[in-house]
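Observations on chain architecture
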There are 2 protein chains.
Amino acid sequence: MSEIKSGSEALLKFLNGLQPLSKEIIDFAIEETFSISVKKNTLIDSVQKNSKECVFFVISGLVRGFIIDEEKEITTWLAHENSLIGTIRNPGNIAPTYFEHLQAIENSNLLVLPYNFIDRLYIQFPETNILGRKLLAIHFNMSQERSILSRIPSAEARYKQFKENHPKIKFRIPLKYLATYLGMRIETLSRIRNKTKLKP
Amino acid sequence: MSEIKSGSEALLKFLNGLQPLSKEIIDFAIEETFSISVKKNTLIDSVQKNSKECVFFVISGLVRGFIIDEEKEITTWLAHENSLIGTIRNPGNIAPTYFEHLQAIENSNLLVLPYNFIDRLYIQFPETNILGRKLLAIHFNMSQERSILSRIPSAEARYKQFKENHPKIKFRIPLKYLATYLGMRIETLSRIRNKTKLKP
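Reading the values: the criteria
- Residues numbered from 1 in each chain as written.
- Chains lettered and ligands numbered in written order.
- Predicted model: local features only at pLDDT ≥ 70, side-chain atom pairs only at ≥ 80, totals over all residues.
- Heavy atoms only, no water.
- Domains from an automatic or database assignment.
- Contact = heavy atoms within 4.5 Å.
- Buried area = accessible area lost by both parts, 1.4 Å probe.
- pLDDT = per-residue confidence, 0-100.
- Salt bridge = Lys/Arg side-chain N within 4 Å of Asp/Glu carboxyl O.
- Polar contact = N/O pair within 3.5 Å; in protein donor to acceptor, adjacent residues only side chain to side chain.
- Helix = DSSP H or I, 4+ residues; strand = E, 2+ residues; numbered from the N terminus.
- Nonpolar A, V, L, I, M, F, W, Y, C, P; charged D, E, K, R; others polar.
- Axes fitted to C-alpha atoms, helices over the stretch in contact; angles between N-to-C directions.
- Parallel < 35°, antiparallel > 145°, perpendicular 65-115°, else oblique.
- Buried < 20%, exposed > 50% of the residue type's maximum accessible area, 1.4 Å probe, protein only.
- Pairing = 2+ DSSP bridges.

Much of the literature gives interface size as the accessible area that the parts lose upon coming together. Residues and elements named next belong to chain A. If you check the domain split of chain A, you get domain 1 (3-135) and domain 2 (150-200). Using only C-alpha atoms to locate each centre, domain 1 and domain 2 end up separated by 26 Å. The partner domain 2 presents nine residues to the 16 residues of domain 1 that form the contact. Taking both sides of the interface into account, the surface hidden between domain 1 and domain 2 amounts to around 1,100 Å²; carbon and sulfur atoms contribute 61%. Three residues, Thr 75, Leu 78 and His 80, lead the burial of domain 1 against domain 2; their summed loss comes to 44% of the area buried on that side.

Following this line, the structure appears as structure tokens:
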């Protein structure tokens, strides 16, 4: 793992599209955030000690969130370039039932946004609450899509929907990770994928 | 359906716990929101014409969100007292894949928060962006729980988890609605429920 001071440009460009940022905010963000490179298959928890105390912006690569249920890993979240992943604190003070572990499934560059930085940002620059609100609305909708996807009864329809929602990453996720995300056995996913390939 | 000017007290009490509200904000909210009573089984879309242009706060009762997939209704969201339900706009301008219909599954009182009111609130009282951000973080986490729940492989474990997460509503949802929410057949849910009842 290496820490580099750059990497915030991608996030700032993304955020500026949602809400114009002042020079002061940009300078503060560059000063207080840092990026890490994480090799494929690495658990983020193992390279970023306080990973439960920050949110990650994926500059490049692909990261999955997973829970452990009866000693089995279940993929619950997939985040590609220009999206956030991590524990979003609950102001309702309700502890999550499952802890989501994070793992790079490609060599990835992540920008680390510590809670401490986010809290100071909201206080020092109150207008960033607008940005936080918009980001959370986007991520609420992404979570809602994940939630709806997994309730579609037909395994084939779930895979089709996944491909439509995620054209950028549909072939970048190992079958064993994708199968639990789509709520099906690896064999079923493999069969559906082969069948789809045969279609003209 | 009847419209009554009261009902905002419950929402204001809930919001004030997250972020103290000024008298001006409270007066504006009382002026601009209204409540509707909806009979059990009624589709909210049928009583609130512009239901896609507002968010609902459940004052009393129980509302479900559902999608239609291959002519079958799939429950995707359950909202009880003191929670919000509706279409959360996506500032990322990505249209949702599925439209979630809303239906009262008990006689319910709902406070209607039109988008138009929410937009003016954010502009006239910028501090309400803090509140919006906190509410969205709470609802992100609730959506995340729904998303994780449906990916737990064992049907029995999904039902157990649902009961733990929702002690207030676990026996208030008709089996046919709960079964699709939990991704299992009605017969399976019925069998699991009877088995659980028999346990000491």
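Here the narrative resumes, following the displayed structure.
This paragraph deals with the confidence of the model for chain A. Keep in mind that low pLDDT regions are not for reading the predicted coordinates in detail. For chain A, mean pLDDT is 90; residues scoring 70 or higher make up 96% of the total. For residues 1-5 of chain A, every residue scores under 50 in pLDDT, and the model assigns this stretch 14 contacts once sequence neighbours within four places are set aside.

This brings us to the interface of chain A and chain B. In this complex, chain A contributes 43 residues to the contact, which on the side of chain B involves 43 residues. Around 4,000 Å² of area is buried between chain A and chain B when both sides are counted, 60% of it from carbon and sulfur atoms. Three residues stand out in chain A for area buried against chain B, namely Arg 133, Phe 140 and Arg 151 of chain A, and they jointly supply 20% of the buried area on that side. Run the count over chain A and chain B and you get zero salt bridges. At the junction of chain A with chain B, the criterion picks out 20 residue pairs in polar contact (both at pLDDT 80 or more). Counting only elements with at least two residues in the side of chain A that touches chain B, the list comes to strand S4 (63-69), strand S5 (72-79), helix H5 (128-149), helix H6 (155-165) and helix H7 (175-181) of chain A. Looking at which element gives the most residues to the side of chain A that touches chain B, the answer is H5 of chain A, with 18 residues. Tallied by class, residues from the side of chain A that touches chain B come to 19 nonpolar, 16 polar and eight charged.

Here the focus is the packing of helix H1 (residues 8-18) of chain B against helix H5 (residues 128-149) of chain B. All names here are of chain B. Close contact between H1 and H5 brings their axes to 10 Å; oriented N to C, the two are set at 95°. One way to sum up the angle between H1 and H5 is to call them roughly perpendicular. Contacts between H1 and H5 involve Phe 14, Leu 15 and Leu 18 from the first element and Leu 131, Lys 134, Leu 135 and Ile 138 from the second. The residue inventory of the contact of H1 with H5, partitioned by class, reads six nonpolar, no polar and one charged.

This part is about the pairing of strand S3 (residues 54-60) of chain A. All names here are of chain A. With five of seven residues buried, S3 lies mostly within the body of the structure. The sheet contact formed by S3 and strand S8 (residues 108-114) spans six bridges and is antiparallel. Bridge assignment links Cys 54 to a residue of S8, and that residue is Pro 114. The pairing of S3 with strand S6 (residues 84-86) spans three bridges and is antiparallel. Counterpart to Phe 56 in the pairing with S6 is Ile 85.

Next up on the list: the sheet that holds S5 of chain A. Two strands in a sheet stick together by hydrogen bonds in their backbones, pointing the same way (parallel) or opposite ways (antiparallel). Residue and element names in this part refer to chain A. Spatial strand order, S5-S4-S7: three strands in an open sheet with antiparallel pairing. At either end of the open sheet lies a strand with only one pairing partner, and these are S5 and strand S7 (101-104). With strand direction ignored, the average angle separating the axes of adjacent strands in the sheet is 35°.

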